[in-house]
Amino acid sequence: MRVAVFSTKPYDRDFLSTANEAAGHELTFLESRLLPQTARLAAGAEAVCAFVNDDLGAPTLTALADVGVRVVALRSAGFNHVDVAAARQLGLTVVRVPEYSPHAVAEHTVGLILALNRKIHRAYNRVREHNFALTGLLGFDLHGRTVGIVGTGKIGMCVARILTGFGCRVLAADPYPSDEARALGIEYVPLKELLAEAHVVTLHCPLTPDTHHLIDSERIAQMREGVMLINTSRGALVDTHAVIGGLKRGHIGYLGLDVYEEETDLFFEDLSDHVLGDDEFSRLNTFPNVLVTGHQAFFTEEALHNIAGTTVAQLTAIERAGPDAVTGPPRVC
Ligand code: NAI
C-alpha cells in the first residue's frame, strides 16, 4: 500500500522502516503536519499515517478523500483529534493503536510524581551550581498517602499497580469500575470524594466532550489544599487558566503535565530560539512547583516498536482483506 506518513520525526522513520521491512509498503515520510492545507501532499497514496497533533477534522478528511486516500492509520491510542462522523460519511477507514505500552505512560506519570515531590528538577540544577543546601527541597513519603486515579483503563491500572506497590492508598473514579482494580484493593468513589481525599490526583481518562475541562475551578476547589495534580492524558482535560489560579493561591501544591491544551503549536518541535506567544504556557513555567514535559510519556523503545508494528500490520491486513480485517474503535468505514 502507498502510505503518506505525516509529522515524521527521525525516530518514526527508523521504527516504521524496520517494521515495514517484510511488509513492503511504500512509505513516503513527510515532515509536515497533516492539515487541510497539506492534505494534498498525500495525492497518490491510499493511506495516510498521522500522529496526535495532526488535524483530522472534516476539512482535512475531505481533502484526503478528494485525493484518493481511503485509510487513516493513527500512530496513537487517543483519537479525540479525529472527526469520526466525517470519516464515516466520507467512507474512510480509521485505525489506531489501542495499546502499545501502557507501562511507558504509567512509568512517566510516576516519574513526574516522584520528581515533583522530591524536587529532583530543582536539585539537579542546584547541585550543578554547587549549591548543596536542602532548604526548599523537603518532600513527603508517598507510602501511606492517598492517590486518586481518574480512569482505570490500561494506563490507569498500570499506575495503580505501581502505586499500590509504593504502599499508597488508591482511590479511583471511573464509570466502568474494573474487577482487577477492586482485587488490588482499589476503592471506587465518586469523583468529588476522590478529589476531597487524594494527596495526588492523576488523570487517565480519554478526552471527550464530557471530560473537556474535567478539572476546572469548581473541581479544584473540591481538592485538598496543597494537592499534587498530574495530567499525562490529554491537555484539555484541565482548564489551564483555572489551574494557574489554583497554583497562585497555593491550593494546587504541585502540577505535573505531559500534555497541554494548546500544545499543538509547541510540542514535538525545537522552538529554543523562538519567542513563545503563549502567555499561559509561559506563566506555568514560572512556578517552581510545576514540571512540564512535552508529550513524551509514550516515548520508549518498546512503545515505538509496538506502534510501528501494529500500524504496519493493520495496513497489511486492510490491503489483503479490506477494512473488516481490523477490529476495535475507531474503525469506521
Ligand atoms: P483506556 O481506554 O484503556 O482507559 C480509559 C479509562 O477512562 C476507561 O476505563 C474509561 O472507562 C475511563 N473513563 C472514561 N470517561 C471517564 C470519566 N469521565 N471519568 C473517569 N474515567 C473515565 O485508555 P488508556 O490506554 O488507559 O489511555 C488513557 C488516555 O491516555 C488516552 O485516552 C490518551 O488520551 C492518553 N495517552 C497519553 C499518552 C502520552 O504520551 N501522554 C500516550 C497514550 C495515551
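A brief look at the structure comes next. (Residues numbered from 1 in each chain as written. Predicted model: local features only at pLDDT ≥ 70, side-chain atom pairs only at ≥ 80, totals over all residues. Heavy atoms only, no water.)

Some remarks on the site of the ligand
Among the 23 residues in the neighbourhood of the ligand, the closest are listed as Tyr100, Lys154, Ile155, Asp174 and Thr232. Interatomic distance of 3.4 Å between a backbone N/O atom of Gly153 and an oxygen atom of the ligand. Against a free-state accessible area of 870 Å², the protein chains account for coverage of 82% of the ligand. Its residues assigned to classes, the shell around the ligand comprises 11 nonpolar, 8 polar and 4 charged. (Near = heavy atom within 4 Å. Polar contact = N/O pair within 3.5 Å; in protein donor to acceptor, adjacent residues only side chain to side chain. Areas by Shrake-Rupley, 256 points an atom, 1.4 Å probe, with all protein chains shown as cover. Nonpolar A, V, L, I, M, F, W, Y, C, P; charged D, E, K, R; others polar.)

Points about unusual backbone geometry
Residue Ser7 is not a glycine yet carries a positive backbone phi of 55°. Tracing the chain through its elements places Ser7 in the loop between strand 1 (2-5) and helix 1 (10-19). A residue is classified by how much of its surface remains accessible, and Ser7, at 12% relative accessible area, is buried. Residues other than glycine seldom take positive phi values, yet Phe268 does so here, at roughly 75°. Exposure remark for Phe268: the relative accessible area of 23% places this residue in the partly exposed category. (Helix = DSSP H or I, 4+ residues; strand = E, 2+ residues; numbered from the N terminus. Buried < 20%, exposed > 50% of the residue type's maximum accessible area, 1.4 Å probe, protein only.)

Considering the packing of aromatic side chains
This model, assessed by the stated rule, comprises 7 aromatic pairs. A centroid spacing of 6.0 Å and a plane angle of 70° characterise the contact between Phe267 and Phe281, whose relative ring orientation is edge-to-face. Remark: Phe281 occurs in helix 11 (residues 279-284) and Phe267 occurs in the loop between strand 11 (252-257) and helix 11; sequence separation between them is 14 residues. On the basis of relative accessible area, Phe267 is assigned to the buried category, the value being 8%. Residue Phe281 is classed as buried on the basis of its relative accessible area, which comes to 9%. Members of the aromatic cluster, each reached through a chain of ring pairs, are Tyr11, Phe51, Phe268, Phe298 and Phe299. (Phe/Tyr/Trp six-rings, centres within 6.5 Å; stacked < 30°, edge-to-face > 60°.)

Observations regarding the pairing of strand 11
Across the 6 residues that make up strand 11, a large majority, 6, are buried. Taking the sense of rotation as the criterion, the β-α-β connection linking strand 10 (residues 227-231), helix 10 (residues 240-249) and strand 11 turns out right-handed. Relative to strand 12 (residues 290-292), strand 11 runs parallel, the two sharing 3 bridges. Across the sheet, Leu255 pairs through a bridge with Val290, a residue of strand 12. (Right-handed = clockwise from strand over helix to strand, strands pointing away. Pairing = 2+ DSSP bridges.)

Quick notes on helix 12 (residues 301-321)
For helix 12, with 21 residues, the first-to-last C-alpha span of 30 Å sits near the 30 Å given by 1.5 Å per residue. Among the residues of helix 12, those classed as buried are Ala303, Leu304, Ile307, Ala308, Thr311, Val312, Gln314, Leu315, Thr316 and Ile318. Where helix 12 is buried, its residues touch strand 1, helix 1, strand 3 (47-50), strand 4 (71-74), strand 5 (93-95) and helix 4 (102-118). Positive backbone phi, approximately 85°, marks Gly322, located one or two places after helix 12. (Expected span 1.5 Å × (residues − 1). Contact = heavy atoms within 4.5 Å.)

Structural notes on the sheet that holds strand 3
The strands that make up a sheet are held in pairs by hydrogen bonds between backbone atoms, and each pair lies either parallel or antiparallel. Strand order in the open sheet formed by 5 strands is 2-1-3-4-5, with parallel pairing between adjacent strands. Two strands lie at the open edges of the sheet, namely strand 2 (26-29) and strand 5, each paired on one side alone. On average, each strand axis in the sheet is inclined to that of its neighbour by 20°, with strand direction left out of account. Inspection of the sheet shows strand 4 paired to strand 5 by 3 bridges, in the parallel sense. In the sheet register, Ala73 faces strand 5, and the bridge partner there is Val95. Its contacts with the sheet place helix 12 against strand 1, strand 3, strand 4 and strand 5, and it is angled at close to 160° to strand 4. (Axes fitted to C-alpha atoms, helices over the stretch in contact; angles between N-to-C directions.)

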